[in-house]
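Chain by chain, the residues run as shown.
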Amino acid sequence: MYISVYLFFIIYVILIQKCDSITTGCISKTNPSTSCCTGEIELDPTLISIEVNAFQGCSGLIGTLIIPNGVINIGQNAFRDTQFNGILIIPNSVTSIGNYAFEDSSKLTGDLIIPDTVTTLSRNAFSGCSGFNGILKISKSITTIDYSTFSGCSGLIGDLVIPTGVISLNSDAFAGCSGLTGTLTLPNSLLSIGIQCFNGCSGLSGTLTIPNSITTLSQSAFKGCSGFTGSLTIPTSITTLALQLFDGCTGFTGDIMIPTTITTIENNAFRYCDGFNGILIIPNSVTTIGTNSFQGCSGLIGTLTILDAMISIGTQAFKDCSSFTAIEIYNTITYPTNAFPTHLTPQLVTYIPTSQPTTQPTSPTGQPSSQPTSQPTIDISFKKHFKDELDHLC
């Protein structure tokens, strides 16, 4: 009996503590005699902190959520998985928003304004908040946008401006924010963009300029960003174009100009980027082209030239690049037989320093045929253009 009473007391205390954490300074508008587990609420204006798990899972709470001016900290899970269906107002007194603070509160609506007083914006703080249907304004005082901070906020609209001073965008920070329909502005302070950071942000539009401050550009960072139009500027501060980096970015146009700092183009980096309608410039710095890296880039034109520094070309690297008119590859390079589009036979190029290159047609196995060496068939005007482009990149 004593054990049963003791257990009942422990459970009662836990419930009361949970209720206290919910109801402190809080009045139910619909029924003042009950705890704040249902209806609309008003938070005590003297609050300075909303603690960990304070309102987590309170699915009966509805209406507008106004954080009182004076609150400094919004703790981890504070409003996670709630059903507030009005706007969210965060005052200028708040400096910290904890992990998962508003995660999956999917009925909050309107603009999402993070005041400039906020210096810490933790992981998953607003992930899954798909009900926000206005603009997003991010605090100018933060340096990192953490993992999945805004992932799944698919209703947000307009431009996305990353404030000056931000140095890191972590993985999935904006993944699935498909409703953003304006331009993306990246500051010159930015050093790294994490895995899948903008994956699925299909509504972002205009040109994409990645600043030269970037030193880490991770895999799938812009995968599925099909709304970007115009040219793509790749920074000269990176050495690798990562796995699936621009996979499915169908809206880009113009040339693909790979900087001379790049040594590796990984699998699927430009797969299905069929909007590019200019030439492809691959400099001699590139030693590896991955599997399917340019597959489906059907708009690229002119002659594709693979220079002598190349060590590895992946399978189907240029599959379905149906608008190339010629392919020239140095005869020291081995490559899979299915690396190139089927409508063209690569011409092997032998570099002779004292004269122009000569070419040999290849057999289906990618080896030189037994036919006599032909006279030079290199498009000299294209070679000059290719050299000028490389000089420009340098």
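What you are looking at is a predicted structure, and each value in this text was computed from that prediction instead of being measured. (Residues numbered from 1 in each chain as written. Predicted model: local features only at pLDDT ≥ 70, side-chain atom pairs only at ≥ 80, totals over all residues. Heavy atoms only, no water.)

Our focus in this paragraph is the overall build of the chain. Along its length, the chain carries 2 helices and 30 strands. Counting over 394 residues, the chain shows a buried share of 49%. When contacts within the chain are restricted to residue pairs at least 6 apart in sequence, long-range pairs at least 24 apart make up 46% of them. (Helix = DSSP H or I, 4+ residues; strand = E, 2+ residues; numbered from the N terminus. Buried < 20%, exposed > 50% of the residue type's maximum accessible area, 1.4 Å probe, protein only. Contact = heavy atoms within 4.5 Å.)

Next up on the list: the sheet that holds strand S11 (residues 120-121). Taken together, 4 strands build an open sheet; the order of strands is S4-S7-S9-S11 and the sheet is parallel. The sheet is open, and its two edges are formed by strand S4 (49-50) and S11, each paired on a single side. Strand direction decides the pairing type here: strand S7 (residues 73-74) and strand S9 (residues 96-97), joined by 2 bridges, are parallel. Along S9, the bridge assignment pairs Asn73 with Ser96. (Pairing = 2+ DSSP bridges.)

With that settled, consider unusual backbone geometry. For Asp104, which is not glycine, the phi torsion reads 65 degrees and is therefore positive. Structurally, Asp104 is set in the loop between S9 and strand S10 (112-113). The exposure class of Asp104 is partly exposed, given its relative accessible area of 37%. Of note in the backbone geometry, Asp320 takes a positive phi value of approximately 65 degrees without being a glycine. On the secondary structure map, Asp320 appears in the loop between strand S27 (312-313) and strand S28 (324-330). On the basis of relative accessible area, Asp320 is assigned to the partly exposed category, the value being 42%.

One finds Phe126, Phe174, Phe198, Phe222, Phe270 and Phe318 to be the most contacted residues of the largest nonpolar core, which totals 103 residues. At the level of elements, strand S3 (41-43), strand S20 (228-233), strand S26 (302-306), S28 and strand S29 (347-350) are the ones that each hand at least two residues to this core. Per-element tally for this core: the top contributor is S28, with 4 residues. Residues within four places of Phe126 in sequence aside, it is in contact with Leu88, Ile90, Ile97, Phe102, Leu112, Ile114, Leu121, Phe132, Thr149, Phe150, Ser151 and Cys153. (Core = buried A, V, L, I, M, F, W, Y, C linked by side-chain atoms within 4.5 Å.)

A separate point is the side chain of Ser168. Mapped onto the secondary structure, Ser168 falls in strand S15 (residues 168-169). A distance of 3.2 Å separates a polar atom in the side chain of Ser168 from a polar atom in the side chain of Ser192. (Polar contact = N/O pair within 3.5 Å; in protein donor to acceptor, adjacent residues only side chain to side chain.)

Here we take up the sheet that holds strand S13 (residues 144-145). With respect to topology, 4 strands assemble into an open sheet ordered S13-S15-S17-S19, the strand pairing being parallel. Of all strands in the sheet, those bounded by a partner on one side alone are S13 and strand S19 (216-217).

Next up on the list: the pattern of salt bridges. Overall, the coordinates contain 3 salt bridges when judged by the stated rule. The closest approach of N and O atoms between Asp247 and Arg271, which form a salt bridge, is 2.8 Å. You can see Asp247 sitting in the loop between strand S21 (240-241) and strand S22 (256-257) and its partner Arg271 sitting in the loop between strand S23 (264-265) and strand S24 (280-281), a full 24 residues away along the chain. Of the residues examined, Asp247 reaches a relative accessible area of 4% and is grouped as buried. (Salt bridge = Lys/Arg side-chain N within 4 Å of Asp/Glu carboxyl O.)

The next subject is the layout of surface pockets. What the second largest pocket holds in volume is close to 170 Å³. Taken together, Ile135, Leu136, Lys137, Ile138, Lys140, Ile157, Gly158, Asp159, Val161 and Pro163 form the lining of the second largest pocket. Of the residues that constitute the lining of the second largest pocket, the class distribution is 6 nonpolar, 1 polar and 3 charged. (1 Å grid on protein atoms, 1.4 Å probe; cavity = no way out; pocket = protein on both sides within 12 Å on 5 of 7 lines; lining within 4 Å. Points joined across faces, edges and corners; volume = space filled by probe spheres on them. Nonpolar A, V, L, I, M, F, W, Y, C, P; charged D, E, K, R; others polar.)

For the rest of this paragraph, the subject is the environment of Gln347. Along the chain, Gln347 turns up in strand S29. Taking the relative accessible area as the measure of exposure, Gln347 reaches 23% and is therefore partly exposed. The spatial distance from the C-alpha of Gln347 to the C-alpha of Thr305 is 9.6 Å, given a sequence separation of 42 residues.

Let us look at the environment of Pro115. Its location among the elements puts Pro115 in the loop between S10 and S11. For the pair Pro115 and Pro91, spaced 24 residues apart in sequence, the C-alpha separation works out to 6.9 Å. With sequence-adjacent residues up to four places away left out, Pro115 is seen in contact with Ile90, Pro91, Asn92 and Ser139.

Okay, the pairing of S26 next. Counting buried positions along S26 yields 5 of 5 residues, so the element is predominantly enclosed. Alignment of S26 against S28, held across 5 bridges, turns out to be parallel. When the sheet's bridge partners are listed, Thr305 is paired in S28 with Glu328.

Moving on, we come to the packing of aromatic side chains. Within the structure shown, the criterion is met by 20 aromatic pairs. On the numbers, 6.5 Å between centres and 70 degrees between planes, the contact of Phe126 with Phe132 is edge-to-face. Across the pair, Phe132 and Phe126 agree in class, each one buried. Residues Phe198 and Phe222 carry aromatic rings whose centres are separated by 5.3 Å and whose planes lie at 10 degrees to one another, so their mutual orientation is stacked. Taken as a pair, Phe198 in the loop between strand S17 (192-193) and strand S18 (206-209) and Phe222 in the loop between S19 and S20 lie far apart in primary sequence, 24 residues in all. (Phe/Tyr/Trp six-rings, centres within 6.5 Å; stacked < 30°, edge-to-face > 60°.)

Regions with low pLDDT carry predicted coordinates that are not meant to be interpreted in detail. Here the chain averages 84 in pLDDT, while 79% of its residues score no lower than 70. Segment residues 352-387: pLDDT under 50, and 59 contacts once partners within four positions in sequence are set aside and those in other chains are kept. (pLDDT = per-residue confidence, 0-100.)

Here we take up a nonpolar patch on the surface. Among the surface-exposed residues, Ile66, Ile87 and Ile89 lie close enough to one another that they form a single nonpolar patch of about 240 Å² accessible area. Tracing the chain through its elements places Ile66 in strand S6 (residues 65-66). Using a relative accessible area of 47% as the deciding quantity, one classes Ile66 as partly exposed. (Patch = residues over 30% accessible without salt bridge, like charges linked within 9 Å, V, L, I, M, F, W, Y side chains within 5 Å. Areas by Shrake-Rupley, 256 points an atom, 1.4 Å probe, with all protein chains shown as cover.)

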